[in-house]
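Chains, contacts and geometry: an overview
Spelled out, the chains give:
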Amino acid sequence: MAYAELHCLSNFTFLRGASHPEELVARAHELGYTALALTDECSFAGIVRAHVAAKECGLKLIVGSEIRLVEGPHVVLLATDRAGYGKLSAIITHGRRSAAKGNYKLALGDLGDGVPGCLVLLLADPPPALEDARTIAARFAGRAWLAVELFRSPDDTERLAAASELATAVGLPLMAAGDVHMHVAERRPMQDALTAIRIGVPVFDAGNALHPNAERHLRGQSDLAQLYPQPLLDATLAVAARCTFSLDELRYEYPEELVPPGETAIGHLRSLTEAGLQRRFPYGTPDKVRAQVEYELALIEELRYEPYFLTVHDIVRFARSRGILCQGRGSAANSAVCYALGITEVNPACIDMLFERFISRERNEPPDIDVDFEHERREEVIQYLYAKYGRDRAALAATVISYRPRSAMRDVGKALGFDLEQVDRLAKSMAWWDGRKIKLERLVEAGFDPATRKVALLIRLVDELVGFPRHLSQHVGGFVIARGQLSQLVPIENAAMPERTIIQWDKDDLGALGLLKIDVLALGMLSAIRRALDLVSVKRGRPFAMSDIPSEDPAVYDMIGHADTVGVFQIESRAQMAMLPRMKPRRFYDLVIEVAIVRPGPIQGGMVHPYLRRREQVEPVTYPSEEVRGVLERTLGVPIFQEQAMQLAVVAAGFTPGEADRLRRSMAAWRRKGGLEAFERRLIEGMRERGYQEDFARQIFMQIQGFGEYGFPESHAASFALLVYVSAWLKCYEPAAFACALLNSQPMGFYAPSQIVQDARRHGVEVRPVDVLESEWDCTLEAGDGGQSALRLGLRQVKGFSLEGVTYLTVARARIPIASVDDLARCGIDPRDLKCLAAAGALARLSGHRRLAYWEVAGIERATPLVMGRVEESQPELFPLTEGQDLVADYASLGLSLGRHPLALLRGCLQRERIVTATELGCLPHGRLARAAGLVLNRQRPGTASGVTFLTLEDETGHVNVVVWRDLAERQRRELLGARLLAVYGMLERHGEVAHLIAGHLRDLTPLLGNLVTHSRDFH
């Protein structure tokens, strides 16, 4: 017997299907099915994953979709060929675009005269209306079946008889189908839980919404033979045989309109490239760059990628025409053509390039160019693309939002009937570093017994649900642009954000099918740099651009070498700050290495310490051959970058460039999928054949494995290093403008506005408070003492203050002198905004201290017809807030204070506990026992740190870096995660300028803060 399942939902029919597409494919293959149709509801979101899995095991996959028609029957459409696939994709698009995100709306009329190229299964449950069945039979003449789905119910015989009667009446053949929701019956509890989550009730209240049994799984063929007459099973094979379409038939066609009439694509690209080279190299293009350009252009023409480069060039041209800072990065920075076109800023004359990492003849798949834009102006670029190509040709890629442990715990907890307080405790029992599996001890700490049946079921279901797709969101910037109708290639649907549309595939799906994606990404630092340059231009009275920043300035490198990098792009984390005094960068390429070396790849590959020892001349630099020297000399014999791993495979093991790129891809995926074993043998044998010692070959392979934990491309690091230097130069020479720009670009980076302001003040910047008579919405620069700029805090810092209030205030200040709070009220500013200003101390020049400001705002009355006069009240005698009360009010309304640091007020208490300041700690010798305390700024627990947690504490004198080993973190988890003011007793560990307090004991001193509210930024 043979069978093809033609009605099957995966978990991409969100909160209905209970199995991954890959699980369904594997199970169908295991059961010996002839074919499997993945028919997610009005969606192709899971089809690529099923396609990849089906190709690996050799199962025939059919593309289809279940559609529930409005006031009509339920049908399944199956694509038979490429044209039918395109029409079905367009129908899904129409349905999704006609409804809000996550929904669709299709009626029988939307199927037109019968969707050519598609077959239809009319589902017999629920029974369709006779007239609807006749309409389907007529429109899909010779291409329609009535699908009977039996689930060992008591009424199976009656249902089969009713379906036979209907089929006879309308002239449709019968066919068996399974309405599959899961790959095995054991997923039944999960399917029930998903149903309960979907309808928003506990499982025991879900009633008839639940399936009566577990039969909606992929069943064995002997079970199917007991349920269905043989002709109905045979019909599945006949239907499957007519479906010959495969996703492998999809071909991407690039937009062509950017080529001027009468020119060829390669001719236009060459002319733009030549013009760019003349701008980049006014005194002549270096021979190395010229050779690289010719090689790239020849390969681009051969692979017909010219429209792609022209498309990206056009996007960058548009952004720059609007004054939007942008910069290409990633593998595109390995391209001399991209440099000439202005897409990237990495000079090919200054860095070794590996174009095959970007475009490979052997790989024969589209290139991938990432371009970063100012994060607050990227929307202009996105809307330009929509306007230029239309929403029928351009859309953003999707991102699949999947369940994580906390969200899974919340949803499953509600589905199993835990009350909201219990659900909250369950979710909060899990920290971000606990991984995907529930730890039983966490549940015990939260007051739950894992041995009880209900909690045990919770644990099982959460473990299964983690990783399940929850819904589609928009990718951070991956744009897909087609020559023709994009909806014929992939369905498009509405995003949650207005004026955004997304396709139903994510970046991995696009990569699997070899489809083009242009990444239009947002980068906060570009916004900050542009703002800082604008401020410097005003201060200097002339335009000042990135190109005007002097290169290789020793003072900038001195500042970086002392880890004075709060706010500096990429090198502001505690890990980077710990590395900088050891690296002591003195030239641009040192920054390239710095950006790349504090990454999981080099750390896991054991490359960091050998590089530092060689840099400090503690260890000699050696090379086993001149070929290896050519690859590793710039990094002192230690592979730091992905490109070096690829180049080593080429020069030392005989790989072709295309094989080397496949090695790179396997590096990125091996932790998830494995697959490096074949490369290990090939690499070691190739190196042995070329005279290298096996120990050296295995060491190189170990380092390649390290890159599987996220190695950094040299080209990417070089792009980022440019922004590192620019932001460091601005911090060094224009600290007021730099801090102002950072504040106006929030949220971004490691540090909150409070730390940015404190750092600016430590660098001599005068910071002035929010003032209703002076402050704009953004922070601004004002003339300060000695010709220096002072930083005026903007109204954006005032919690709760509205943009409407800013508009009224700006108009009022331009129209009349503001002398009182009443003047502000008469100008139309809402009382809620006035209360926000009073809370922030912004009314000080009008009212005096905060209490008087509160009083005056509270006394404002709106004029009404019933108010005939004004009652004069005497000014009460109100005392100012104490320093501590002012501090609490500052943090509550602004998130920062220009007064003394909170710990300065607590210093007497802390001294009695023998707790030293950050400055005092920095003067202690290595190995000294010490106590320190501070506000918790951030917590980090990287995956490469083997369970070590890194903390940054802040007191009135600076920062304290704390290391908490795994055992202590487990013993004092509550203090570690819950404290806002933390005391650490431990031992000081020093290496040059870098000092860490190795924690031995933690104390939560948060009660000392009273009503003061602070927040930390915690990272993986």
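Anyway, here's the lowdown on the structure attached to this text. (Residues numbered from 1 in each chain as written. Predicted model: local features only at pLDDT ≥ 70, side-chain atom pairs only at ≥ 80, totals over all residues. Heavy atoms only, no water.)

1. Regarding the overall build of the protein chain
Of regular secondary structure, the protein chain possesses 42 helices and 23 strands. For 1020 residues, the compact-globule estimate of 2.2 N^0.38 gives 31 Å, and the C-alpha radius of gyration of the protein chain, at 33 Å, lies within 12% of that figure. Taken along the three principal axes of its C-alpha coordinates, the protein chain extends 95 × 90 × 65 Å. The buried share among the 1020 residues of the protein chain stands at 56%. Pairs at least 24 apart in sequence give 73% of the contacts found in the protein chain among residues at least 6 apart. Surface exposure of the protein chain reaches about 42,200 Å², of which carbon and sulfur atoms provide 52%. (Helix = DSSP H or I, 4+ residues; strand = E, 2+ residues; numbered from the N terminus. Rg over C-alpha atoms; globule rule 2.2 N^0.38 Å. Buried < 20%, exposed > 50% of the residue type's maximum accessible area, 1.4 Å probe, protein only. Contact = heavy atoms within 4.5 Å. Areas by Shrake-Rupley, 256 points an atom, 1.4 Å probe, with all protein chains shown as cover.)

2. Comments concerning the nonpolar core
Residues F309 and W505 are the most contacted members of the largest nonpolar core, which totals 129 residues. The element best represented in this core is helix α11 (residues 306-321), accounting for 8 residues. If you look at the next biggest cluster of nonpolar residues, it comprises 98 residues, including L523, V608, M748 and A840. (Core = buried A, V, L, I, M, F, W, Y, C linked by side-chain atoms within 4.5 Å.)

3. A few points about the environment of Y3
Relative to the assigned elements, Y3 resides in the segment before β1 (4-5). Residue class for Y3 comes out buried when judged on its relative accessible area of 0%. Along the chain, Y3 and T236 lie 233 residues apart, while their C-alpha atoms are 6.3 Å from each other. With residues near it in sequence (within four places) discarded, Y3 still touches Y33, T34, A35, A176, A177, G178, Q221, L224, L233, T236 and L237. At 2.7 Å, the side chain of Y3 forms a polar contact with the side chain of E5. (Polar contact = N/O pair within 3.5 Å; in protein donor to acceptor, adjacent residues only side chain to side chain.)

4. Observations regarding the pattern of salt bridges
The final tally for this structure, using the stated rule, is 67 salt bridges. Ionic pairing is found between R531 and E376, a salt bridge with its closest N-O pair at 2.2 Å. Taken together, the residues R531 in helix α19 (residues 524-540) and E376 in the loop between β9 (369-374) and α13 (378-389) connect sequence positions 155 residues apart. What makes E376 partly exposed here is its relative accessible area of 37%. Among the ionic contacts, a cluster of salt bridges with common partners joins R16, E41, E66 and R68. (Salt bridge = Lys/Arg side-chain N within 4 Å of Asp/Glu carboxyl O.)

5. A closer look at the pairing of strand β10 (residues 394-402)
Each regular strand carries side chains that alternate between the two faces of the sheet. Taken together, the 8 bridges between β10 and strand β11 (residues 469-481) define a ladder with antiparallel strand orientation. Residue pairing for β11: I401 is matched across the bridge by H471. Across 2 bridges, β10 lies against strand β13 (residues 501-506) in parallel orientation. Its bridge partner lying in β13, A398 is registered against D506. (Pairing = 2+ DSSP bridges.)

6. Details of the environment of E149
In this structure, E149 sits in the loop between β6 (144-148) and α5 (156-170). Taking the C-alpha atoms as reference, E149 lies 9.5 Å from L227; in sequence the two are 78 residues apart. Every residue in contact with E149, bar those within four places of it in the chain, is listed here: H7, L123, R159, A177, G178, D179 and Y228. Looking at E149, its side chain comes within polar contact range of the side chain of H7, at 2.5 Å. A polar atom in the side chain of E149 sits 3.0 Å from the backbone nitrogen of D179.

7. Quick word on the packing of aromatic side chains
For any pair of aromatic rings, the description rests on two quantities: the centre-to-centre distance and the angle between the ring planes. Evaluated as defined, the whole model comprises 16 aromatic pairs. Relative to F14, the ring of F12 lies with its centre 6.1 Å away and its plane at 50°, an arrangement referred to as tilted. Ring centres 5.7 Å apart and planes at 20° place the aromatic pair F544 and W729 in the stacked group. Residue F544 is located in the loop between α19 and α20 (554-561), and its partner W729 is located in helix α30 (residues 714-733); the two are separated by 185 residues in the primary sequence. The same class applies to F544 and to W729, which are both buried. Following the ring pairs from residue to residue traces out a cluster consisting of F44, Y85 and F245. (Phe/Tyr/Trp six-rings, centres within 6.5 Å; stacked < 30°, edge-to-face > 60°.)

8. What to know about the sheet that holds strand β15 (residues 766-768)
Taken in spatial order, the 3 strands line up as β15-β17-β16 in an open sheet, and their pairing is mixed. Looking along the sheet, the strands with just one partner apiece sit at the ends: β15 and β16 (780-783). Here the strands of the sheet are splayed against their neighbours by 40° on average, with no regard to which way each runs. With 4 bridges joining them, β16 and strand β17 (residues 789-792) adopt antiparallel strand pairing. (Axes fitted to C-alpha atoms, helices over the stretch in contact; angles between N-to-C directions.)

9. Structural notes on empty space enclosed by the protein
To find leftover empty space, one rolls a probe the size of a water molecule over the atoms. Counted under the stated rule, the structure contains 2 cavities of 30 Å³ or more. In this structure, the largest cavity occupies an estimated 70 Å³ of space. Taken together, V566, G567, K731, P735, F738, A739, L742, I756, D759, A760 and H763 make up the full set of residues lining the largest cavity. Elements supplying a minimum of two residues to the lining of the largest cavity: α31 (735-744) and α32 (753-762). The class makeup of the residues in the lining of the largest cavity is 7 nonpolar, 2 polar and 2 charged. Around the second largest cavity sit G567, E572, L742, Q746, M748, G749, F750, Y751 and I756, which together line it. Classifying every residue of the lining of the second largest cavity gives 5 nonpolar, 3 polar and 1 charged. (1 Å grid on protein atoms, 1.4 Å probe; cavity = no way out; pocket = protein on both sides within 12 Å on 5 of 7 lines; lining within 4 Å. Points joined across faces, edges and corners; volume = space filled by probe spheres on them. Nonpolar A, V, L, I, M, F, W, Y, C, P; charged D, E, K, R; others polar.)

10. Description of helix α26 (residues 642-653)
Taking 1.5 Å of rise per residue, 12 residues should cover 16 Å, and α26 covers 16 Å from first to last C-alpha, within 8% of that figure. For α26, the tally of buried residues reaches 10 of 12 residues, placing the bulk of the element in the interior. Within α26 the residues assigned to the buried category are Q642, E643, Q644, A645, M646, Q647, L648, A649, A652 and A653. Positive backbone phi, at 80°, marks G654, one or two positions downstream of α26. (Expected span 1.5 Å × (residues − 1).)

11. Observations regarding the layout of surface pockets
Taken as a whole, the second largest pocket spans an internal volume of roughly 1,000 Å³. Along the walls of the second largest pocket sit 35 residues, with E345, M546, S547, L722 and V726 positioned nearest its centre. When residues of the lining of the second largest pocket are traced back to their parent elements, those giving at least two are β8 (326-329), α19, α22 (588-597) and α30. Looking at which element gives the most residues to the lining of the second largest pocket, the answer is α30, with 6 residues.

12. Things to note about the sheet that holds strand β5 (residues 118-123)
Within a beta sheet, neighbouring strands are joined by backbone hydrogen bonds and run either parallel or antiparallel to one another. Reading across from one edge, β1-β2-β3-β4-β5-β6-β7 is the order of the 7 strands in this open sheet, with mixed pairing throughout. The open sheet is flanked by β1 and β7 (174-176), the only strands paired with a single partner. The pairing of strand β4 (residues 74-79) with β5 spans 5 bridges and is classified as antiparallel. Along β5, the bridge assignment pairs V75 with L122. Strands in contact with helix α3 (residues 82-97) are β3 (60-68), β4 and β5; relative to β3, the strand with the most contacts, it is inclined by about 30°.

13. Let's talk about the packing of α19 against α31
Put simply, α19 and α31 touch, their axes get as near as 8 Å, and they point 135° apart. Looking at the two axes, α19 sits oblique to α31. The chirality of how α19 crosses α31 is right-handed. For the pair formed by α19 and α31, the contact residues are M525, A528, R531, A532, L535 and V536 on the first element and A737, F738, C740, A741, L742 and N744 on the second. (Parallel < 35°, antiparallel > 145°, perpendicular 65-115°, else oblique. Left-handed = near helix turned anticlockwise from the far one by under 90°.)

14. Focus: the state of the cysteines
Linking two cysteines covalently via their sulfur atoms produces the bond known as a disulfide. Scanning the entire structure with this criterion turns up 0 disulfides. The thiol of C326 is unpaired, and the distance to the nearest cysteine sulfur, on C338, comes to 12 Å. (Disulfide = S-S within 2.5 Å.)

15. Notes on unusual backbone geometry
Going from D125 to P126, the amide bond is cis rather than trans, its omega being 5°. Within the fold, P126 resides in the loop between β5 and α4 (130-139). Cis rather than trans, the peptide bond between Q746 and P747 has omega equal to 0°. Among the secondary structure elements, P747 is positioned in the loop between α31 and α32. At A563, a residue that is not glycine, the phi angle is positive and equals roughly 60°. Mapped onto the secondary structure, A563 falls in the loop between α20 and α21 (574-583).

16. Some details on the packing of α21 against helix α24 (residues 608-615)
Viewed as axis vectors pointing N to C, α21 and α24 meet at an angle of 30°, and their least axial separation amounts to 10 Å. Of the possible angle classes, the one that applies to α21 and α24 is roughly parallel. Along its contact with α21, which presents M579, R582 and M583, the element α24 presents V608, H609, Y611, L612 and R615.

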